[in-house]
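# Coordinate analysis (summary)
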Amino acid sequence: MTPTRALTVGFDLDMTLIDSRPGIRACYLALAERTGTYIDADLAVTRLGPPLVDELVNWFPAQEVAAMADLYRQMYPSIAVAATPAMAGAREAIEAVRAAGGRTMVVTAKYEPNAKLHLAHLGIAPDVVVGDLWAEQKAEALREYDASVYVGDHVGDVRGARTAGALSVAVATGPCDGEQLRAAGADVVLEDLSAFPVWLAGYREAPRA
């Protein structure tokens, strides 16, 4: 008999496990004040998902973006972490995987040390955290840990899951709506993570259904 594949579920961070909009907005406003450069923080938080530098290039000359990203990351822990709540159902989703005997991992484009600060602050403890990976790059970590499911809110997360050969479970809690997520190839679209434990139970009973 072929041994059953161990259950490993990956999760995105921003707008999947955490509502990072308040903290990121505050950090962009602080960066704008510090540098004297206008940043439309309200606009920026409507398009979370891609790497930080992809947003900063809209506000700073290309040659300054790397230095501004470093400054933002230095400021971030004291400004953004405490202001960021967990998304509805986030803790329960992690616990559902654990209750099923599985492993959990977070794979995010966020700077890894700051991702870990968020999770520690909220008392969410995945088995593995991998940062600084976006879209198809996420497949590197998902393959390394043999994740069979990846949960995210962005079409980039769908692409990462599909590149890794993992089932793409999308939550419509970020900048991409259900229609966009399905069009990108999501296998499953949930309203939010509150629906994940019930979905997982059904998936485990009939993973190929």
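The coordinates are above.
Summarised in this report is the structure supplied together with it.

So, how was this worked out
Residues numbered from 1 in each chain as written. Predicted model: local features only at pLDDT ≥ 70, side-chain atom pairs only at ≥ 80, totals over all residues. Heavy atoms only, no water. Salt bridge = Lys/Arg side-chain N within 4 Å of Asp/Glu carboxyl O. Helix = DSSP H or I, 4+ residues; strand = E, 2+ residues; numbered from the N terminus. Buried < 20%, exposed > 50% of the residue type's maximum accessible area, 1.4 Å probe, protein only. Phe/Tyr/Trp six-rings, centres within 6.5 Å; stacked < 30°, edge-to-face > 60°.

### Observations regarding the pattern of salt bridges
One pass over the structure, following the stated rule, counts nine salt bridges. Measuring nitrogen to oxygen at the nearest pair gives 3.0 Å for the salt bridge that ties Asp12 to Lys138. Taken together, the residues span a long stretch of sequence, with Asp12 in the loop between strand S1 (8-11) and helix H1 (21-35) and Lys138 in helix H7 (residues 138-144) at a distance of 126 residues. By the burial criterion, Asp12 is buried, and Lys138 matches it. A salt bridge links Arg21 to Asp19, with the nearest nitrogen and oxygen atoms 2.9 Å apart.

### Remarks on the packing of aromatic side chains
All chains considered together, the criterion is met by six aromatic pairs. Look at Tyr28 and Tyr72: their rings are 5.2 Å apart centre to centre, the planes differ by 45°, and that puts the pair in the tilted class. Linking Tyr28 in helix H1 with Tyr72 in helix H4 (residues 65-80), this pair joins segments that are 44 residues apart in sequence. When its relative accessible area of 3% is taken as the criterion, Tyr28 is described as buried. Here Tyr72 falls in the buried class, since its relative accessible area comes to 6%. On the numbers, 6.0 Å between centres and 85° between planes, the contact of Tyr38 with Trp59 is edge-to-face. Here the residue Tyr38 occupies a position in the loop between H1 and helix H2 (41-44), and Trp59 occupies one in the loop between helix H3 (52-56) and H4, the gap between them amounting to 21 residues. Residue Trp59 is classed as buried on the basis of its relative accessible area, which comes to 18%. A connected cluster of aromatic rings, assembled from ring pairs, spans Phe11, Phe196, Trp199 and Tyr203.

From the geometry alone we can't say anything about function, so treat these as descriptive.
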